[in-house]
Amino acid sequence: MTSRKKSFFEFWRSKEERRALLQRTDKLKLSPSQLSRLLGDSGVRAELQNARFAPLLPPVGTEVFRRFTPASLEEIKKERRKDKEVSEEDLLKPTSDLEAGKPLPFFYGDPPTELLNTPLEDLDPFYQSQKTFIVLSKGNIIHRFNADPSCYQLSPFSLLRTGAIKILIHSLFSLFIMLTVLINCAMMMMAVSPEWSEIAEYVFIAIYVFEAIIKIVARGFCVGNFTFLRDPWNSLDVVIIITACLTVFVDLGSISVLRFLKIMAITPGLRTTVGTLVQSVKRLANVIIVTVFFLSVFAAIGLQLFMGNLRQKCVINLFGNMSTNGSDFQEFTNNPEYQYFEPNHYDALLCGNSSFSRSCPEGFTCLKAGRNPNYGFTNYDSFSWAFLAMFRLMTQDYWEDLAHQIMAVGGKIYLIYLVVVLFLGSFYLLSLFMATIAMATAEHSEASVAEAKRREEEITEILQALKKCEEDESEVSDKKDSPPQRKNSAAEIKNHKQEHAAIEGFKEEHRSCPPCCFSFVDHFLKWNCCGCWRWLKQRLYTFVMDPFFDLGIIICLIINIIFLSMEHYPMMVEFYHVLSIGHLVFTAIFTVEMILKIIALDPYGYFQVGWNIFDSIIVIVSLAELILVDVAGLYMLCSVILMRVIRLAKWWPSFNMLLRIMRNSVGALRNLTLVLVIMVVFFSVAGMQLFRRSYTDCVCRISTDCSLPRWHMADLFHAFLVVFRILCGEWIETMWDCMEVSGQTTCLIFFIMVLVIGKLLVLSLFMALLLANVAAPDKEEGGNKQRVIINRIRRALNCGHGTERTGPEKVKNEEDNKKEYLALTLVTSDQPVSECDDVPKVQKKKDNKNHDGNTPENCCCDKCYQCCSFLDIDTSRGKWRVWTNFRRCCLSIVEHSFFEAFIIVIVLLSCIALVYNNILLENHQVMKVVLNYAELVFACVFVVEMILKMVAFGFKRYFTNKWCWVEFAVVIVSLISVTSSMLGYASLTSIKCVRALRTVSFFAGTRVVVDVLLSIIPSLLDMLLVVLVAWLIFSILGVNLFAGKFYYCYNETSEEIIPPEWINNYTECYMLIEEGYTELRWRNQVFNYDNVNAGYLSLLQVTFKGAMDIMYAAVDSTEVESQPGYEKNLYMYLYFIGFIITSFFVFNFFIRGFINTINQLRHKFGGKHVFLTEGQKNLYRIKKKRFFNNKPQTPVPRPQNKVQACVFDLVIRPCFEIFMFVIICISVVALMVETDDQNMEKPLILYWIQFILIVIFTIESILKIIAFGRRYFKDAWNILDFVLVIGSIVGLFLADAMEHYLGTPALFSVIRLVRVLRILPLIPGTEGIRSLFGALVMALPALFNIGLLLFIIMFTFSVFGMSNFAYVKKAAMIDDLINFEMIWSSMTCMFIITTGTGWGGLLYPIMVRPPDCDPGIENPGTSVRGNCGNPTLGVVFFSSYTAISLLLVVSMYIAIILEIFDMNAEDSSEPLSEDDLQMFYNTWKTFDPDDSQCIQYSKLSEFCDTLKDPLRIPKPNTMKLIHMDLPLLPGDKIYYLDILPALTAQVFGDSGQVDALKANMEEKFKAKNTSQVSYEPISSTLRRKREEVAAAVIQRAYRKWRLATREGTEGQISQLNGDGKETEIEPAR
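Since the structure is predicted, the reported quantities are computational estimates derived from the model, not experimental observations.

Draft legend 1. Geometry of the overall build of the protein chain. Counting its regular elements, the protein chain contains 59 helices and 12 strands. By residue count, 46% of the 1629 residues in the protein chain fall in the buried class. Of the contacts made within the protein chain by residues no fewer than 6 positions apart, 74% connect residues no fewer than 24 positions apart.

Here it is as structure tokens:
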């Protein structure tokens, strides 16, 4: 029975258990005495005879390791002859524990030293009958070799082959090859090869040939298992040698970079990691198919919509002077001099001729001219280019520029197309990749855990067997040794021996160093000089171990961090001196701390703690900085001092977890990290080798001054930067440059390979870190120390107030004093922190008992009544009864459905009113007046609603409901907005956008998501603080490196930076300004590192793909107030690389905490889906039940009419389906082959092809309608075909009308692409794809809830941006299409930010201050003046929206990933899938064409062999089928309801699910089967076999009896003829 796979959270919750198991298993081992007894004691073997590993153990009394001799080879040949007589079903299989490359299992013990590196007989029972032998190398690693003569000449016993084997498996040989490869790779990374490089190349080739010869001699070439070419990694050696030899004669380019891969081939751990990655790639097959399918469909849609549109440019008007000659017109329009270019843009301005597209400036006309944007590589002119554009959208690389181009030529309506592509192509498909990689990682982890569990069980079995045998022996000895004294003395001696052995073993294990080392430690690292010194050590130990000492250090650390964060530019001299003195003081404090701890703990004890080592390094570096303060070039020591911030992780568990995750990448996951590093270096060298000459020779194609761009591959460092940028997801721009200088094919293949392989490795590392068994930091010590500190402070405060506790308080205080010094082992997280959470529930129950459904609750809480007794009035009698009746009336009003509907309408109207508050409102005064009155009405309605609810619910209930708080905030905001509008304060009116948030409370799904996010926020705040501290290190480092260095002298007229050869620094620039060069300005970058806050903002932009301008300013920086130079400080790129790598781990830490919080919520609420409402959960269960309904499709009965029967036989034939499959493919290809530059005949040919295809599809529909009748419309695929046929016919005749009214005739062509979905059911083996689509369908409710909340927040922020940033200066990304002027443009900006890109381009214009903007400029059509933004408001606006949208987008990803995990677990829990049952039924129809539900018993073997996995039982299967004991019907027939459950039980094992499957199928069949045919069995296959065997035995006995009778008669006759006597012969029985 296959084990059920775990869901995501089941796997997540078992992390600690898995980690503990792996740690426990690593420590398990057997002592030498136990091993010797296991191998030599027959009693132990008898106890272990049923163990799994029992067949692997050698017989008792025989040698475990036997040399491989000619006699061994002869024995193998005998075994092979015996195996030929054994059936295939009884053959053994290789043992996984004895695979080549693995260490020897523990129960074999260590082999004798003389048997190492010597051919031995194989230990695996499977290979004992094969021609193989093993050799054990150092570390007991198994190496398996073929016993056939190597190269048909060298037997395993030849000295040459034996020597080659010893060389091959020796560690020095591997080390020599590794060094050779590393040196060779280092030489390939040189920009200029030395003179002796040619000689070195010959040496390398000779070494590689020598290695191959050694391997071939030792293993053989290719014949047989375990030979040279049977290892795929050796094929790499062959390729390397052949290419290296050919390179001597022919230039093969960069093929030599394949030698980098030998590093992975040599290292066993890397080979295993690569094998695991290959297995995960196999799992990605279905995801890749879905991805290609999606991209192809949307590429074809884009081809039909935008073909040739991106060539539409603004061309200067002809004025009627141009000649009518077509060639002159073409030459004129294609000339860039007559096209409109915006400043600092390389491509002409795109435009469109529709009403929604961009219009050209005055004097220009929109024409189709020139090439496409981005060197002509961004277009939809053919399917291949459209596919590349879709792939770019899926990876979200610079997609905002593509969206800008599409909206310019087609209009903003096509943003819907981009949103759909981004959602399906990016969010969904990326979630599929991540989920699949996560499942592969989880399965690999589960396999490791299963292996560890199996090892633990084996050792447990061995120990139990040994213990039982010892007990038996002790019982026997007890009987012999009757005197009790002897018995006790023997037991005591035995115990003493065991204790002594254990102590000696412990000493040997922990004293692995030479004795001289321990002598050195005892004399020099353990300071026990005299009694006074020991007294001082004891006092200092008490002092430094006191919790208040740690508290003081923490306070000093925090103050030191604050001092480090206060550095800025420009900084006063006095302030600089204060910071310097503070730095000296803190250095002294931490130095004294180190000295005190060294004295208290001794150097030996001090350096046993990792944190103490880290502290000492920081102190030593700090002292070195003070000593070498005047030495130039040592400014990087400041960055080491910043590591002092990391010391907070010692007391901060969340920060400690982040460091553990980073350490795990170079610890447990070092092989995966190393593979990623090797691939980065490999692709860097390959890129340099491939494109270095192209960049240097053809650089003028991409640069106006013929200088290399910033991103190129002319040297190794820049090639590494390009590869690293590709791994970060930015690949398209550098690929355009590469394709322009080096050709399209090579660059496209290279960049796609780097992107796909790199992203696969990065995602694998990310998921491995996320699902890794990282040990949680110990919170007990820090928690107990905190309690000690709090208790002491509390006692001090009590003493200060002069109070003394007595009674129970005193006893409790004394207990706390005792607990301060107890061991830190009793702290658990299961105890509730507070009991306040239960109070509202209890109070609510009490309140519900006191009133019925129409009785209002108390207005105030109990404390209010206690404090203000005049409020406690009996409202049930007297004049206050009117108040009660009034509240009841208000309660009836607010709880009425009409009132709720009325409020919903008012809120929606208020949201619509917010839409019209745009820049066009000033031109429509009537609309403005209407909106002002509407604002007043809305405010009044909201105030009345608030008053009614306060009266009806009371203050207590009203202000304890978070949604009432939202309503209260909306009322306050409305009143402030109306009041400020009346008083003329326009700046406060923008807060009215908060009204849109009221819509959140109207939808149950959004309320659920908000509840989840509010529950998550407290834990996320801790993680956010950790992220801020991690970023603080880089922000302070950035201030130290770049403060005051981003300034430059700028020419505003030419809009260029002055070269440093002309102006060198700030002084020279100002001298020229004073001389009258007013066009010059000394400017600073908008995003800089002049202080820590500015550094945070810059780092935030780097995080969201906006790092280019900041990185360019950093690498061009020189000195403070100096003019920057082009890449003067090139290696400052490493600063940003370090930050991006750290952000990778920070994001992993964030996701880990997010999932952990979701897990706690699921566990707390007891639900499976936290993002679903109760109604959606019920709907989810129904969908899941339908999706996993294992019911095969009901076949359509064959018609009785002969004509219909003939048509029916035609359409159900497989050849008909194959024909339609081909026709659909031709239809799709016909849509894909269209190009923009096609000739006049091609559209006509394609038209007639489409016409013929439409006729074929129409005929297909007609035939199926004739064959199936009304059942045709019961199939969803048939309905889809019918609708598409009707649409195709309509589109064929109304194409001109479509072009006239809709602007494009491609609508029906796009609709026809839907038919490609029919291909999926026709392709075999698509159950994995069905599961992926099912995961999307199942996740849609959660995605809808999250997406709806995201849309509401996006709308709210869009309205706010429209109110505050509508008039900012158009710069960077803000232009006539993307801006905050109208609601759709504003939402476009918000959607761009949601995808994590374009952040800096939208914020830059808002950050601009005078004189770069004009605060007094007039904006046409409005009274608002100025085009400057509000930097503070802009930063808060964009940062808050980025945080909220990131949280929601991450929730979307996790929702899909969790659903895929659950679907996978659900699939594994089902005995059979729907596709398996359908496959069974289709195969059955071929053996039962008459639909009799039975087949002949003689066909059963062929039928089971014809089935596909997992139900297939391949031949020979006769004995298996007999033992299945299938019932036989009259006529030797088999009933299909008996076969299917039997096959299921055979494959998956007996379970209740199989019985339920059989009962379900029988019930459905009996309901549909109306015939009276008997299906009662008369026999079974096993009984029939027994009958046949019995009959054979009877026949054989009968033949023997007849033969004996015949022989007896003949003997009697002969005897009568001989002597005349008759002898009676008894016949043989």
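Draft legend 2. Fine view of the confidence of the model for the protein chain. Across the protein chain, the average pLDDT comes to 78, with 80% of residues at or above 70. A low-confidence stretch, residues 86-90 (pLDDT under 50), is modelled with five contacts involving residues beyond four sequence positions or located in other chains. A low-confidence stretch, residues 803-853 (pLDDT under 50), is modelled with 25 contacts involving residues beyond four sequence positions or located in other chains.

Draft legend 3. Layout of the pairing of strand E6 (residues 1047-1051). Taken across its five residues, E6 has five buried, putting it largely inside the fold. Of the two faces of E6, the one lined by Tyr1047, Cys1049 and Asn1051 and the one lined by Tyr1048 and Tyr1050 are each fully buried. Judged from the five bridges that link them, E6 and strand E8 (residues 1080-1084) form a sheet pairing that is antiparallel. Considered in E8, the bridge of Cys1049 is made with Trp1082. As paired elements, E6 and strand E7 (residues 1056-1057) share two bridges and run antiparallel to each other. Note that in E7 the partner of Asn1051 across the bridge is Glu1056. The antiparallel pairing of E6 with E7 creates a hairpin that spans four residues between the two strands, and Glu1055 there sits at a positive phi of about 55°.

Draft legend 4. Highlighting the packing of aromatic side chains. Counting across every chain of the model gives 72 aromatic pairs. Taking 5.8 Å as the distance between ring centres and 70° as the angle between the ring planes, the aromatic pair formed by Trp652 and Phe655 counts as edge-to-face. Phe655 sits in the buried class, given a relative accessible area of 2%. On the numbers, 5.7 Å between centres and 80° between planes, the contact of Phe750 with Phe751 is edge-to-face. For the pair formed by Phe750 and Phe751, the shared burial category is buried. Of the aromatic side chains, those joined through ring pairs into one cluster are Phe293, Phe294, Phe298, Phe306, Tyr380, Tyr414, Tyr417 and Tyr428. Over the ring of Phe145 we find Arg219, and its NZ or CZ is 4.5 Å from the ring centre.

Draft legend 5. Spatial organisation of the state of the cysteines. Applying the stated rule across the entire model yields six disulfides. Sulfur-sulfur distance for the disulfide between Cys738 and Cys747 comes to 2.0 Å. Around the S-S axis, the bridge from Cys738 to Cys747 shows a dihedral of about -75° and counts as left-handed. Overall, Cys738 belongs to the buried group, its relative accessible area being 0%. Relative accessible area serves as the criterion here: at 0%, Cys747 is assigned to the buried category. A disulfide bridge connects Cys1049 with Cys1069, and the sulfur atoms are separated by 2.2 Å. Taking the torsion about the S-S bond as the criterion, the Cys1049 to Cys1069 disulfide, at about 70°, is right-handed. Placement of the pair is Cys1049 in strand E6 and Cys1069 in helix H38 (residues 1066-1074), with a sequence separation of 20 residues. Each of the two residues, Cys1049 as well as Cys1069, counts as buried. Numbered in order of appearance, the disulfide-bonded cysteines of the protein chain are paired 1-3, 2-4, 5-6, 7-8, 9-10, 11-12.

Draft legend 6. Region of interest: the sheet that holds E8. Strand order in this open sheet of three strands is E7-E6-E8, and the pairing throughout is antiparallel. Since the sheet does not close on itself, it has two edges, and those belong to E7 and E8, each with one partner. Across the sheet, H38 touches E6 and E8, and the angle it forms with E8 is around 145°.

Draft legend 7. Expanded view of helix H43 (residues 1202-1211). For H43, the complete set of buried residues consists of Ala1205, Val1207, Phe1208 and Val1211. Summarising the axial view, the buried residues of H43 lie within an arc of 165°, below the 170-degree limit, and thus occupy one face. Exposed and facing more than 90 degrees away from the buried side of H43 are Lys1202, Val1203 and Cys1206. Buried residues belonging to H43 abut helix H44 (1214-1232) and helix H45 (1241-1268). At the N-terminal end of H43, a side-chain oxygen is found 2.8 Å from the backbone nitrogen of Val1203, two or three residues along, and the residue is Asn1201.

Draft legend 8. How the structure looks around the packing of helix H34 (residues 897-915) against helix H35 (residues 925-958). Interhelical geometry of H34 versus H35 gives an angle of 145° and a closest axis separation of 11 Å. Seen along the crossing, H34 lies across H35 with a hand that is left-handed. Contacts between H34 and H35 involve Phe899, Phe902, Ile903, Ile906, Val907, Leu909, Ser910 and Ala913 from the first element and Leu931, Phe938, Val941, Phe942, Glu945, Leu948 and Lys949 from the second. Tallied by class, the residues present in the contact of H34 with H35 amount to 12 nonpolar, one polar and two charged.

Draft legend 9. Region of interest: helix H26 (residues 716-727). For H26, which comprises 12 residues, the first-to-last C-alpha distance of 16 Å matches the rise-based estimate of 16 Å (1.5 Å per residue) to within 8%. Counting buried positions over the 12 residues of H26 gives 10, a clear majority of the element. The set of residues buried in H26 consists of Phe717, His718, Ala719, Leu721, Val722, Val723, Phe724, Arg725, Ile726 and Leu727. The N-cap of H26, judged by a side-chain oxygen 3.2 Å from the amide nitrogen of Phe717 a few residues on, is Asp715.

Draft legend 10. Representation of the pattern of salt bridges in the model. One pass over the structure, following the stated rule, counts 36 salt bridges. A salt bridge links Arg647 to Asp615, with the shortest nitrogen-to-oxygen separation between them at 2.8 Å. Remark: Asp615 occurs in helix H22 (residues 610-627) and Arg647 occurs in the loop between helix H23 (637-641) and helix H24 (653-665); sequence separation between them is 32 residues. When its relative accessible area of 3% is taken as the criterion, Arg647 is described as buried. The partner of Lys949 in a salt bridge is Glu945, with the nearest N and O atoms 3.2 Å apart. Remark: Glu945 and Lys949 occur in helix H35; sequence separation between them is four residues, near one turn of the helix. The buried category is assigned to Lys949, whose relative accessible area is 11%. Several salt bridges share partner residues, and in doing so they unite Glu211, Lys215, Asp237 and Lys262 into one network.

Draft legend 11. Examining the packing of helix H14 (residues 383-395) against helix H28 (residues 744-770) more closely. Two elements in contact, H14 and H28, have axes whose closest approach is 14 Å; the angle formed by their N-to-C orientations is 25°. Viewed along their axes, H14 and H28 adopt a mutual orientation that is roughly parallel. You can see that H14 and H28 cross each other, and the crossing is left-handed. The segment H14 lies against H28, with Trp385, Leu388, Phe391 and Thr395 engaging Gln744, Leu748, Ile752 and Leu755. For the contact of H14 with H28, the per-class residue count stands at six nonpolar, two polar and no charged.

Draft legend 12. Representation of the sheet that holds strand E2 (residues 132-136) in the model. Across the sheet, which stays open at both edges, the three strands sit in the order E1-E2-E3 with antiparallel pairing between neighbours. The sheet is open, and its two borders are formed by strand E1 (119-121) and strand E3 (142-146), each paired with just one other strand. When strand polarity is set aside, the average angle formed by the axes of neighbouring strands in this sheet is 45°. Pairing geometry for E1 and E2, over three bridges, is antiparallel. Looking at the pairing, Leu120 lines up with Ile134 of E2. Sheet contacts for helix H6 (residues 159-169): E2 and E3; angle to E3, the most-contacted strand, approximately 150°.

Draft legend 13. Representation of a nonpolar patch on the surface in the model. On the surface, Leu1244, Tyr1247, Trp1248, Phe1251, Ile1252, Val1255 and Ile1259 cluster together to form a nonpolar patch covering roughly 650 Å² of accessible area. Positionally, Trp1248 belongs in helix H45.

Draft legend 14. The pairing of E2, seen in detail. Burial runs high along E2: five of the five residues are buried. Note: E2 against E3, five bridges, orientation antiparallel. By the bridge assignment, Val135 is partnered in E3 with His143. Two successive antiparallel strands, E2 and E3, enclose a turn made up of five residues, where Gly139 displays a positive phi of approximately 90°.

Criteria and cut-off values
- Along each chain, residues carry numbers from 1 onward, in the same order as the chain's sequence is written.
- Totals for whole chains, interfaces and linings use every residue, but because this is a predicted model, local features are given only for residues with pLDDT of at least 70 and side-chain atom pairs only at 80 or more, for both listing and counting.
- As a rule here, side-chain values come from all non-hydrogen atoms in the structure, and water together with hydrogens is ignored.
- In DSSP terms, a helix is any run of H or I states spanning at least four residues, a strand is any run of E spanning at least two, and both are numbered starting from the N terminus.
- To sort residues, take the accessible area from a 1.4 Å probe on protein chains only and compare it with the maximum for the residue type: under 20% means buried, over 50% means exposed, and anything in between is partly exposed.
- When checking whether two residues touch, look at their non-hydrogen atoms; a contact exists if any pair is within 4.5 Å.
- Across the chain, each position has a pLDDT score giving the predictor's confidence in that residue, from 0 to 100.
- By the convention used here, strands pair only if DSSP detects at least 2 bridges between them.
- Only Phe, Tyr and Trp rings take part, Trp by its six-membered ring, and two of them pair if their centres are within 6.5 Å. Stacked means planes under 30 degrees apart, edge-to-face means over 60, and tilted covers everything else.
- In this scheme, Lys NZ or Arg CZ marks a charge over a ring once it lies within 6 Å of the ring centre and within 35 degrees of the ring normal.
- Pairs of cysteine sulfur atoms within 2.5 Å are identified as disulfides in what follows.
- For helices, the fitted axis covers only the stretch in contact; all axes are lines through C-alpha atoms, and the angles between them, taken along N-to-C directions, range from 0 to 180 degrees.
- It is the directions from the helix axis to the C-beta atoms that the arc portrays.
- For the purposes of these results, a polar contact is taken to be a pair of N or O atoms within 3.5 Å, where, inside protein, one atom must be able to donate a hydrogen and its partner to accept one; residues adjacent in sequence count only when each atom of the pair is a side-chain atom.
- Crossing handedness: left-handed means the near helix sits turned counterclockwise from the far one by under a right angle, and right-handed means the same turn made clockwise.
- In the scheme used here, Gly and all other residues not listed as nonpolar or charged are polar, with Ala, Val, Leu, Ile, Met, Phe, Trp, Tyr, Cys and Pro taken as nonpolar and Asp, Glu, Lys and Arg as charged.
- Residue count minus one, scaled by 1.5 Å, sets the expected span of a helix.
- Within this document, salt bridges are pairs made up of a side-chain nitrogen of Lys or Arg and a carboxyl oxygen of Asp or Glu, the two lying within 4 Å of each other.
- Roughly parallel means an angle under 35 degrees; roughly antiparallel means over 145; roughly perpendicular covers 65 to 115; every other angle is labelled oblique.
- Only residues above 30% relative accessible area that lack a salt bridge enter a patch, with like-charged residues linked at up to 9 Å and the nonpolar side chains Val, Leu, Ile, Met, Phe, Trp and Tyr linked at up to 5 Å.
- Note that accessible areas follow from Shrake-Rupley with a 1.4 Å probe, and for residues the cover is restricted to the protein chains shown.

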